[in-house]
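# Understanding the architecture of this molecule
One-letter residues, chain by chain:
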Amino acid sequence: MLELVNLHARVVPEDGPAREILKGVSLKVPKGEVHAVMGPNGSGKSTLGYVLTGRDGYEVASGSATFEGENLLALPPEVRAAKGLFLSFQYPMEIAGVPVMTFVRAALNAQHKARGEPEISAPDFLKASRVAAEKLRIDPEMLKRPLNVGFSGGEKKRLEIYQMLMLQPRFMILDETDSGLDIDALKVVADGVNALRSADRAMLIITHYQRLLDYIKPDRVHVLSQGRIIKSGGPELAHRLEKEGYDGVVGEKA
Amino acid sequence: MATPVSALHPPRSEEESALAVRYGGLPADVERRKAFEAFSKTGLPHRRLEGWRWSDVRAALKFATAESEDDAKAADLFAPLGGTVFEFRDIGADIPPDGAGVRVTKSSKPELMDWAGEAPLAALAVALSDAPAAIGIEIGKGAGTVRLSFISGSPGQSRHIRVRVLEGVEATVAETYLGARAFTNVTIEYMLDPGAVLNRLTFQSGGKSAVQASTAHVRLGKGARLVQTALAFGARLARLETRVTHEAGGSEAILNGAYLVRDGLHADLTSHVVHEAPGCVTRQTVKGAARKGGHGVFQGKFLVERAAQKTDAKMQHHALLLEDGAEVNAKPELEIYADDVQCAHGNTAGAINADALFYLRQRGLPEHEARAMLTESFIAEAFAAAEPSVADLMMREARRWLLAPS
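Residues numbered from 1 in each chain as written. Chains lettered and ligands numbered in written order. Predicted model: local features only at pLDDT ≥ 70, side-chain atom pairs only at ≥ 80, totals over all residues.

### Regarding the overall build of chain B
We count it as follows: Runs of E in the DSSP output that reach at least two residues are strands. Runs of H or I that reach at least four are helices, and both are numbered from the N terminus. We call two residues in contact whenever the C-beta atoms placed from their backbones are within 7 Å.
Helix and strand counts for chain B come out as seven helices and 17 strands. Put simply, 83% of the contacts in chain B that link residues at least 6 apart link residues at least 24 apart.

### Concerning the overall build of chain A
So the rule is basically this: In this treatment the radius of gyration is a C-alpha quantity, and the globule benchmark scales as 2.2 Å times the residue count to the 0.38 power. Partly exposed residues are those whose C-beta has more than 12 but fewer than 20 other C-beta atoms within 10 Å; with 20 or more the residue is buried, with 12 or fewer it is exposed, and the C-beta atoms are placed from the backbone.
Of regular secondary structure, chain A possesses seven helices and 10 strands. The globule rule puts the C-alpha radius of gyration for 254 residues at 18 Å, and the 18 Å found for chain A is close to it. With the principal axes as the frame, chain A shows a C-alpha extent of 55 × 40 × 40 Å. Looking at chain A as a whole, 41% of its 254 residues qualify as buried. Nonlocal contacts in chain A, meaning residues at least 24 apart in sequence, comprise 71% of its contacts between residues at least 6 apart.

### Re the sheet that holds strand E3 (residues 34-38) of chain A
All names here are of chain A. The following threshold applies: A pair of strands counts as paired when DSSP detects no fewer than two bridges linking them. Orientation is described by lines fitted to C-alpha atoms, with helices fitted over the stretch in contact, and by angles between N-to-C directions that extend from 0 to 180 degrees.
The sheet built from six strands is open, its strands ordered E6-E7-E8-E3-E9-E10 with mixed pairing. Of all the strands in the sheet, just strand E6 (85-88) and strand E10 (228-233) have a single pairing partner and so form its edges. Each adjacent strand pair in this sheet contributes to an overall mean axis angle of 20 degrees, direction not counted. Across five bridges, E3 lies against strand E8 (residues 202-207) in parallel orientation. Within E8, the residue paired with Val34 across the bridge is Met203. Across the sheet, helix H5 (residues 153-167) lies against E6 and strand E7 (171-175), angled at about 165 degrees from E6, the strand it touches most.

### Side note on the packing of H5(A) against helix H6 (residues 183-194) of chain A
The description of two packed helices rests on the angle between their axes and on the distance between the axes. Residue and element names in this part refer to chain A. Short version of the rule: Roughly parallel here means an angle under 35 degrees, roughly antiparallel means over 145, roughly perpendicular means 65 to 115, and every remaining angle is called oblique. Helix crossings get a hand from a simple test, with the near helix turned counterclockwise from the far one by less than a right angle marking a left-handed crossing and a clockwise turn marking a right-handed one. Each residue is assigned to one of three groups, with Ala, Val, Leu, Ile, Met, Phe, Trp, Tyr, Cys and Pro labelled nonpolar, Asp, Glu, Lys and Arg labelled charged, and all others, Gly among them, labelled polar.
One can describe the packing of H5 onto H6 by two numbers: an axis separation of 10 Å at closest approach and a directional angle of 10 degrees. Between H5 and H6, the angle falls in the class roughly parallel. Of the two elements, H5 crosses H6, and the hand of that crossing is left-handed. Here Gly154, Lys157, Arg158, Ile161 and Leu165 of H5 lie close against H6, whose contacting residues are Ala185, Val189, Gly192 and Val193. Residue classes in the contact of H5 with H6 are distributed as five nonpolar, two polar and two charged.

### Some details on the interface of chain B and chain A
Every contact between the two is made by 17 residues of chain B and, on the other side, 23 residues of chain A. Mapped by element, the contributors of at least two residues to the side of chain B that touches chain A are helix H5 (354-362) and helix H6 (367-379) of chain B. Broken down by class, the residue content of the side of chain B that touches chain A amounts to eight nonpolar, three polar and six charged.

### A closer look at the confidence of the model for chain B
Here is the rule we go by: What pLDDT expresses is the predictor's confidence in each residue, scored from 0 to 100.
Taken as a whole, chain B shows an average pLDDT of 94; of its residues, 96% reach a score of 70 or greater. The complex model carries a pTM of 0.90, and its ipTM stands at 0.95.

### Some details on the confidence of the model for chain A
For chain A, the average pLDDT comes to 92, and 98% of its residues sit at 70 or higher. By mean pLDDT, helix H7 (residues 236-253) of chain A is the weakest element of chain A at 78, and helix H2 (residues 77-82) of chain A is the strongest at 97.

### A few points about H5(B)
For H5(B), the tally of buried residues reaches seven of nine residues, placing the bulk of the element in the interior. Elements that come into contact with the buried residues of H5(B) comprise helix H1 (45-53), H2 and E6 of chain A together with H6 of chain B. Positioned one or two residues after H5(B), B:Gly364 has a phi angle of 110 degrees, which is positive.

### Overview of unusual backbone geometry
Here the bond from B:Ala131 into B:Pro132 is cis, since omega is -5 degrees, no more than 30 degrees from zero. Its place among the elements puts B:Pro132 in the loop between helix H4 (120-128) and strand E4 (134-139). The omega torsion across B:Ser154 and B:Pro155 is 5 degrees, close enough to zero to call that bond cis. Position of B:Pro155 among the secondary structure elements: in the loop between strand E5 (146-152) and strand E6 (156-165). Unusually for a residue other than glycine, A:Asn148 sits at a positive phi of about 65 degrees. Owing to 21 C-beta atoms within 10 Å, A:Asn148 belongs among the buried residues under this scheme.

### Here we look at the pairing of E3(A)
Taken residue by residue, a regular strand's side chains alternate between the two faces of the sheet. Residue and element names in this part refer to chain A. Within E3, five of the five residues are buried, which leaves the element mostly enclosed by the surrounding structure. The alternating pattern of E3 places Val34, Ala36 and Met38 and His35 and Val37 on opposite faces, both of which are buried. Of the strand pairs in this sheet, E3 and strand E9 (residues 220-225) are connected by four bridges, and their pairing is parallel. Bridge pairing links Met38 to Val223 in E9.

### Brief notes about the nonpolar core
All names here are of chain B. The criterion, for reference: In these notes, a nonpolar core means any group of buried Ala, Val, Leu, Ile, Met, Phe, Trp, Tyr and Cys residues linked to one another through C-beta atoms within 7 Å.
Counting 197 residues, the largest nonpolar core has Ala123 and Val211 as its most contacted members. With 12 residues, the top contributor of residues to this core is strand E7 (residues 170-192). In contact with Ala123, not counting residues within four places along its chain, are Ala35, Ala38, Phe39 and Ala116.

### Focus on helix H1 (residues 14-24) of chain B
Residue and element names in this part refer to chain B. So the rule is basically this: Directions from the helix axis toward the C-beta atoms define the arc.
Among all positions in H1, only Glu15, Leu19, Ala20 and Tyr23 are buried. Summarising the axial view, the buried residues of H1 lie within an arc of 145 degrees, below the 170-degree limit, and thus occupy one face. Turned more than 90 degrees from where H1 packs its buried face, Glu14 and Val21 sit exposed. Summarising the contacts, the buried residues of H1 are in contact with helix H2 (30-42), helix H3 (57-60) and H4.

### A few points about the environment of A:Tyr215
Residue and element names in this part refer to chain A. Note on placement: Tyr215 falls in the loop between E8 and E9. Classification of Tyr215 by C-beta neighbours within 10 Å gives partly exposed; the count is 16. Separated by 21 residues in sequence, Tyr215 and Asn194 place their C-alpha atoms 8.5 Å apart. What Tyr215 contacts, discounting residues up to four positions off in sequence, is Leu186, Lys187 and Ala190.

### A short note on the packing of H5(B) against H6(B)
All names here are of chain B. Between H5 and H6, whose axes approach to 9 Å, the crossing angle comes to 125 degrees. With respect to H6, the axis of H5 lies oblique. Crossing hand, H5 versus H6: right-handed. Residues Ala356, Leu357, Leu360 and Arg361 of H5 touch H6, and the partners they reach there are Glu367, Ala370, Arg371, Met373 and Leu374. For the contact of H5 with H6, the residue count by class is six nonpolar, no polar and three charged.

### Topic: the sheet that holds strand E4 (residues 58-67) of chain A
Within the open sheet, the four strands sit side by side as E2-E1-E4-E5 (chain A). Their pairing is antiparallel. Each having just a single partner strand, strand E2 (19-29) and strand E5 (70-71) of chain A make up the two edges of the open sheet.

Structure, rendered in structure tokens:
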């Protein structure tokens, strides 16, 4: 479903020189699978999420990224979103004055429009919202408040997954979704994510810790270090990392 | 006898000569002469005049007779509010008779206000206002919204209006300034009796050949309250100036507004608040956004006199430069002579937050919609003090502007 071949990417800050972060990442995530990308801080995990979703300031120098055979890299972020790419942000943005529901409905309709589908009706939208909120144990009042404004870290993460349930993406990238969550919230969020697992969807879970992977079981685990995937394996690799640390596993290769 | 025009300061431009001719054609009157003299001391305000550095009326008026492509299609935003409507056109005006809670007087004699020396355009409006020279509106209990609509095409108009809100009454006055071209120049004096409340709403939308100036002076009696909300889309030059005096203590003024300017348009929100009496409150939140070629101006001044102890005054102006080539000038000013006061101001100008923009686009919003949503979210605070249905009207109008192609 998603295929990266020898992807090199750099961050171009507004001031200061460009820095190469991804130094040849190759990765294949087939439909129906959940892959985890683990790695120490600064290894390029978040950059990978941003490059795939088209954030400004992240430049691809060489290599390719295709989604269902189509080159992703030339498309603006909203087109990638309409094709089904969703990034759950590590730090979701606060948008004052725009209620959650208003925003999600605008986003959903924009995606429908881009795909040539009809607008969702108000009753259908409200019904879907109620179901998603119940699943994630979100107080419906929260959905009337401005997006993320004054929400706790955990509430923001829950709201990312709420948006995911509402938008029904086909490929999900979860960037450090477990940070800021206590164990109960983690279970609720994982249940929400697992509800979207299906044969025609796939997922990339970016995480520093193995904890989240106890609740969202990956099919494959990749270790990213210094901009390269240096090791791939089954779910047991995550447990090894937890036990031996990145140094142990990374050192093995050298 | 009016002073012969030739005895006054000689006109400095063709446009000033035309104004002098118009003055000369009006019935001779002592007050009118004083008003024209007050204006003539400076003439049409220009960039070298204090308070007009970024709003050069003299230069802008050279364009005010040109045909304009964008002949004003803007409708009166406040029409849904109904109420008593005064419609002022270039020639003639619809002035309603007395109604429930509203008393209307028409005066054939001009009357100059004592602050005219500081406001040349306001003095000019009084000097050139005729038929009637001045209109008085007294608002008492049971009055609905009073709407003042100024709609100009050619040759333009000058008006002088005095509004009094009686003791303990809450009034809503909605002003609309529309027109594709010509010079509209309006002076409005508001007098709030003790305990009166005035919700003042202003909507301004002019074309690239229009110069629209409104100078309002609001006198707040004991415990009176002004809640002002403005939305300005600009014109060749639009100047909405509000002068407020806290005269008697315990009064409050909220002076909010937003300007949204696109290519070729200029909107200037200027205010001058004088705290004469102790224990008064002023709150000001002005937000602006400018696209390429648009020019926004904010000038805010709080003057706290020695006697005005326990003054509590806060001023905020924040602007978004939506594209390269947008221009915003701001001058926040505090002048304080009392020692036991709380005064503060904040002033920023910046671009749309790139992180927020990416967040919205990642969820599927096209870039122009995402920008509109973020700008709307930025502007919204300026409408927050207005009644919710009015805030909603203004927000919807702002949204339309934001989603329109440039």
